[in-house]
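Results of the structural survey
Given next are the chains, with one letter for each unit.
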Amino acid sequence: MILAWFDLIASVGGYIFPLMCLFEGVRQWATFGTHRNAVLLSTFGLAVMLVHIGYSYWVHQYQIEILSRVEKGLDIPEVPVIWGSDMPPEKRTSGSLELAHAAFLEHGRLHHYFDKSGERILFAPAASDLQERERKVASVAKLEASAEGIKSTPMRLVLTAALVALIGCGFGRARAKGTNTSINTDAAR
């Protein structure tokens, strides 16, 4: 439980701190012009946000790649009538049954297999096979949901960083205008 809270606080801080640095750096830049602190704060905030953006984009692309591989799976064709005719009956039965079992687990297809007499029989999945297939389908659905959920994260981070920089610039300009106005009114007295 403590680790979960620590992870939450660290991840929020990992996003908030660079945004605050970006805001303050741009604000100082707009208020006082180019100087060391403004450049350092802006650069640090922008660099960390670019790392976050790049990492979230990489995670999304990785999930898409894994999802395409999992969905593609192995293409297991139906065994032809002459398949394994030169094998001993036990090997032919076990080999064709393994192929039918794999076809069901990979794609949910029911294929035929050969019994010991050489007759083709349609594979009938057991309850454990059905549960294993359901687990695979559920894990693919979770991966799809995760990939869909993270798809917009890089763009959200780009927009958030841009908005924070614009707000910082607006605050800095307003302060610079207020500072110039107070200086001009003091000079007029």
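Residues numbered from 1 in each chain as written. Predicted model: local features only at pLDDT ≥ 70, side-chain atom pairs only at ≥ 80, totals over all residues. Heavy atoms only, no water.

Side note on helix α4 (residues 127-150)
The following threshold applies: Only runs of H or I of at least four residues qualify as helices and only runs of E of at least two qualify as strands under DSSP, and these elements are numbered from the N terminus. Expected span of a helix: the number of residues minus one, times 1.5 Å. Exposed residues in this analysis have more than 50% of their type's maximum accessible area, buried residues have under 20%, and partly exposed residues fall in between, with area computed by a 1.4 Å probe over protein chains only.
Taking 1.5 Å of rise per residue, 24 residues should cover 34 Å, and α4 covers 35 Å from first to last C-alpha, within 8% of that figure. Those residues of α4 that fall on the buried side of the exposure criterion are D129, R133, K136, V140, A147 and I150.

Notes on the packing of helix α1 (residues 2-32) against helix α2 (residues 36-72)
Applicable threshold: Axis angles are defined between N-to-C directions and span 0 to 180 degrees, where every axis is a line fitted to C-alpha atoms and, for a helix, only to the segment in contact. Take the far helix as your reference; a near helix turned counterclockwise from it by less than a right angle gives a left-handed crossing, and one turned clockwise gives a right-handed crossing. Contact criterion: two residues are considered in contact whenever any of their non-hydrogen atoms come within 4.5 Å of each other. In this count, Pro and Cys sit with the nonpolar residues alongside Ala, Val, Leu, Ile, Met, Phe, Trp and Tyr, while Asp, Glu, Lys and Arg are called charged and the others, Gly among them, polar.
The interhelical angle for the contact between α1 and α2, taken along N-to-C directions, is 145°, at an axis separation of 7 Å. By crossing handedness, the relation of α1 to α2 is classed as left-handed. Along the contact surface, α1 presents G14, Y15, F17, P18, L19, C21, L22, E24, G25, V26, Q28 and W29, while α2 presents N37, A38, V39, L41, S42, F44, G45, L46, V48, M49 and H52. When grouped by side-chain class, the residues that make up the contact of α1 with α2 number 15 nonpolar, 7 polar and 1 charged.

Concerning the nonpolar core
Worth spelling out the cut-off: Only buried Ala, Val, Leu, Ile, Met, Phe, Trp, Tyr and Cys residues count toward a nonpolar core, and they belong to the same one when joined by side-chain atoms within 4.5 Å.
Core analysis: the largest hydrophobic core is formed by 8 residues, namely L19, L22, V26, M49, I53, L157, A161 and V164. Of all the secondary structure elements, the ones that give two or more residues to this core are α1, α2 and α5 (153-188). Residues within four places of A161 in sequence aside, it is in contact with L19, L22 and M49. If you look at the next biggest cluster of nonpolar residues, it comprises 5 residues, including F104, L105, Y113 and F123.

Overview of the side chain of S42
The condition is simple: Two N or O atoms count as a polar contact when they lie within 3.5 Å, although within protein this holds only if one can serve as hydrogen donor and the other as acceptor, and sequence-adjacent residues are included solely when both atoms are side-chain atoms.
One can find S42 in helix α2. Within the structure, S42 has its side chain in polar contact with the backbone nitrogen of V26 (distance 3.3 Å). For S42, the residues in contact, after removing those within four places along its chain, are C21, L22, G25, V26 and W29.

Section: the packing of aromatic side chains
In plain terms, the rule: We call Phe, Tyr and Trp rings a pair once their centres come within 6.5 Å, taking the six-membered ring for Trp, and we label the pair stacked below 30 degrees between planes, edge-to-face above 60, and tilted otherwise. For a Lys NZ or an Arg CZ to count as sitting over a ring, it must be within 6 Å of the ring centre and within 35 degrees of the ring normal.
Applying the stated criterion across every chain, the model contains 6 aromatic pairs. Here the aromatic rings of W58 and Y62 are separated by 5.5 Å at their centres, their planes lie at 20°, and the arrangement is stacked. Separated by 4 residues within a single helix, W58 and Y62 lie in helix α2, roughly one turn from each other. According to the relative accessible area criterion, Y62 is partly exposed, its value standing at 43%. Ring centres of W83 and F114 lie 6.4 Å apart, and the angle between their planes is 5°; this geometry places the pair in the stacked category. With W83 in the loop between α2 and α3 (89-107) and F114 in strand β1 (residues 112-114), the pair connects residues that are 31 residues apart, well separated along the chain. Residue W83 is classed as partly exposed on the basis of its relative accessible area, which comes to 23%. Residue F114 is classed as buried on the basis of its relative accessible area of 0%. Between the NZ or CZ atom of R92 and the centre of the ring of F114, over which it lies, the distance is 3.7 Å.

With respect to the pattern of salt bridges
Where charged atoms of side chains with opposite charge meet at close range, the side chains can pair. Rule in force here: A pairing counts as a salt bridge when a side-chain nitrogen of Lys or Arg comes within 4 Å of a carboxyl oxygen of Asp or Glu.
Across all of its chains, the model carries 6 salt bridges by this definition. Here R27 and E24 are joined by a salt bridge, their closest N and O atoms 2.6 Å apart. Of this pair, R27 and E24 both sit in helix α1, 3 residues apart, which is roughly one turn of that helix. According to the relative accessible area criterion, E24 is partly exposed, its value standing at 22%. Note that E65 is salt-bridged to R69, the shortest N-O span being 2.8 Å. One end of the pair, E65, and the other, R69, are both in helix α2, 4 residues apart, so they sit about a helical turn from each other. Residue classification places R69 among the exposed positions, given a relative accessible area of 56%.

Things to note about the environment of E71
Note that E71 resides in helix α2. Accessibility expressed as a relative area gives 43% for E71, which makes it partly exposed. Along the primary structure E71 and V12 are separated by 59 residues, whereas in three dimensions their C-alpha atoms are 34 Å apart. With residues up to four places along the chain from it excluded, the contact list for E71 reads H107, V140 and E144.

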